[in-house]
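Read off the chains here:
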Amino acid sequence: MLPTPDLSHLSKEDLMNVYEPAEDTFILLDALENDASSLQDMKPLICLEIGSGSGCVSAFLSSILGPRSALYLCTDINQHAAACTVRTGAQNNVDLSSVVADLGTPFIDRLRSSVDILLFNPPYVPTDMGEAEFAQSSRDIQSSWAGGTDGMSVTNNLLFSVPTLLSKTGRFYLVAVEPNNVQRILHWMLEQYQLVGQVALKRRAGRELLYVLRFERQSL
Amino acid sequence: MVRLITHNLLACHAKGCTTNNFPLVFKDVQLEIRESEMNPEFLRNFYPKLEWDALVKTAEQLGDTSLPKTQPPIESVDEEFLKALHHVLLEIHVEEGAMTCPNCEHRYGIVSGIPNMLLAEHEVA
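Okay, so let's go over this structure. Small disclaimer: the values here were computed from a predicted structure and weren't measured. Along each chain, numbering runs from 1 in the same order as the chain's sequence is written. Chain letters start at A and ligand numbers start at 1, both assigned in the order the entries are written. Two thresholds apply to this predicted model, a pLDDT of at least 70 for residue-level local features and 80 or more for giving and counting side-chain atom pairs, whereas whole-chain, interface and lining totals are computed over all residues. Working from all heavy atoms in the structure, the side-chain values ignore hydrogens and water.

1. Here we look at the overall build of chain B
Heads up, the condition is: A run of H or I in DSSP counts as a helix once it spans at least four residues, and a run of E counts as a strand once it spans at least two, with each numbered from the N terminus. Burial here depends on accessible area, computed with a 1.4 Å probe over protein chains only, as a share of the maximum for the residue type. Under 20% is buried, over 50% is exposed, and the range in between is partly exposed. Any two residues having at least one pair of non-hydrogen atoms within 4.5 Å are treated as being in contact.
The secondary structure content of chain B amounts to 4 helices and 5 strands. Put simply, chain B runs from its N terminus to its C terminus through helices and strands in the order β-α-β-α-α-α-β-β-β. Dimensions of chain B, computed from the C-alpha atoms along their principal axes, are close to 50 × 30 × 20 Å. Each of the 125 residues in chain B was classed as buried or not, and the buried ones make up 51%. Considering only contacts in chain B between residues 6 or more positions apart, those separated by 24 or more positions represent 70%.

As structure tokens, then:
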């Protein structure tokens, strides 16, 4: 079993501004660990995590692939999170290239068909739309969970760029919960973008039924 | 941290700015050089992804003229060349300053090594 990245450098104040890794983070780590050997075989060159928060997931991915074997790009809309991502990288001996950005927008021109591993643990909690929009524009810790009606308002904004970003053999890992309607997401990705998805992992954590979905191009 | 490998992948994405929006131009920068272990296989695999002209031009702006103007074919690349490439791509860190768009002149600030690529609502495409 691979150890969880060292997060001991994060202070109480950091965790007031940045989402602290929790069950939804850990299920993503477990899904990546289950896929470790196939991920290593892919020899990924460019990894991109959207909404990297503390940086825990990208640091973990680098422990699977090797810290100097790939480029780890991370974005977050919250500048405190982007700073924590860099520090978590340093603490775990990997350079995480952290950028304050809305989803993957500044990379889309240059990363067409280039992202080998795309990761997103989105703000998936169903809230009213006003709350989700306010959270995104406030760019603070709320933006890490408030997801609007059915918890999909931010995720939907990313989904349409996934087929543009993914490389030929690329994989996209997405965290979801029951109210997001997992079957609908799988169906939509296949119908709209010819991306084949499956449930990589599913687990109950308290009130939440958590999923990790994994998508690949249909031609594989 | 803004290293040139990341800079080589960032374009201006302001509303209506779709041509001549790359590479962003560094302004008022503070640099830090941090040595790191080289992985030749990674560099060779990344080589075809690079926008070479943008990389060379940007490195020159930052005072590094070690790379040739024309991208040598991958077959001819030796260890010495990879060392220079490694240094330019991964060891030069832009800690403070800004990047501006050559087309619309939008300014993206860099604070503590992190670029802020967010746009105001009216600038979003």
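2. A look at the nonpolar core
Let me state the cut-off plainly: Residues belong to one nonpolar core when they are buried, are Ala, Val, Leu, Ile, Met, Phe, Trp, Tyr or Cys, and are joined through side-chain atoms within 4.5 Å.
Phe172 of chain A together with Leu85 of chain B are the most contacted members of the largest nonpolar core, which has 71 residues in total. The element that contributes the greatest number of residues to this core is helix H4 (residues 79-91) of chain B, accounting for 6 residues. Setting aside its immediate chain neighbours within four residues, Phe172 of chain A contacts Leu118, Phe120, Leu158, Leu159, Val162, Leu166, Met189, Leu213, Arg214 and Phe215 of chain A. Of all hydrophobic cores here, the second largest spans 29 residues; its members include Leu61, Ala70, Leu119 and Leu201 of chain A.

3. Structural notes on the packing of helix H3 (residues 52-61) of chain B against H4 of chain B
Residues and elements named next belong to chain B. Counted only if it meets this: Angular values range over 0 to 180 degrees, each being the angle between N-to-C directions of two axes fitted as lines to C-alpha atoms, with helices fitted over their stretch in contact. Comment on the angle field: the value is read as roughly parallel under 35 degrees, roughly antiparallel over 145, roughly perpendicular from 65 to 115, and oblique elsewhere. Asp, Glu, Lys and Arg are counted as charged, while Ala, Val, Leu, Ile, Met, Phe, Trp, Tyr, Cys and Pro are counted as nonpolar; the rest, among them Gly, fall into the polar class.
Closest axis-to-axis distance for the H3/H4 pair is 11 Å, and the angle between their directions is 70°. Classified by the angle their axes make, H3 and H4 are roughly perpendicular. Across the interface between the two elements, Trp52, Leu55 and Ala59 from H3 touch Phe81, Leu85, Val88 and Leu89 from H4. The class makeup of the residues in the contact of H3 with H4 is 7 nonpolar, no polar and no charged.

4. Details of helix H9 (residues 182-193) of chain A
All names here are of chain A. How we decide: How far a helix is expected to stretch is found by multiplying one less than its residue total by 1.5 Å. Directions from the helix axis toward the C-beta atoms define the arc.
Spanning 12 residues, H9 covers 16 Å between terminal C-alpha atoms, matching the ideal 16 Å at 1.5 Å per step. Taken together, the buried positions of H9 are occupied by Val182, Ile185, Leu186, Met189 and Tyr193. Mapping the buried residues of H9 onto a view down its axis gives an arc of 100°, with all of them on the same face. At the exit of H9 stands Gln194, carrying a positive phi of roughly 55°.

5. Some thoughts on the interface of chain A and chain B
This is how it is decided: Reported buried area values correspond to the accessible surface (1.4 Å probe) lost by two parts on association, with both partners' losses combined. A carboxyl oxygen of Asp or Glu within 4 Å of a side-chain nitrogen of Lys or Arg is what we treat as a salt bridge. Any N or O atom pair separated by 3.5 Å or less is treated as a polar contact, with the protein-specific requirement of one donor-capable and one acceptor-capable atom, and with residues adjacent in sequence counted only for side-chain atom pairs.
Taken together, the contact between chain A and chain B spans 29 residues of the former and 26 residues of the latter. Between chain A and chain B, the buried area comes to about 2,400 Å², and carbon and sulfur atoms account for 63% of it. Its largest share of buried area at the contact with chain B, chain A owes to Leu45, Arg68 and Arg110 of chain A, together 29% of the area lost on that side. Scanning the region where chain A abuts chain B turns up 3 salt bridges. In this structure, Arg68 of chain A engages Glu37 of chain B in a salt bridge whose closest nitrogen and oxygen atoms are separated by 4.0 Å. At the junction of chain A and chain B, the tally comes to 12 residue pairs in polar contact (both at pLDDT 80 or more). Elements with a minimum of two residues in the side of chain A that touches chain B: strand E2 (71-76), helix H5 (79-91) and strand E3 (96-100) of chain A. The leading source of residues in the side of chain A that touches chain B is E3 of chain A, at 5 residues. Considered class by class, the residues forming the side of chain A that touches chain B number 16 nonpolar, 6 polar and 7 charged.

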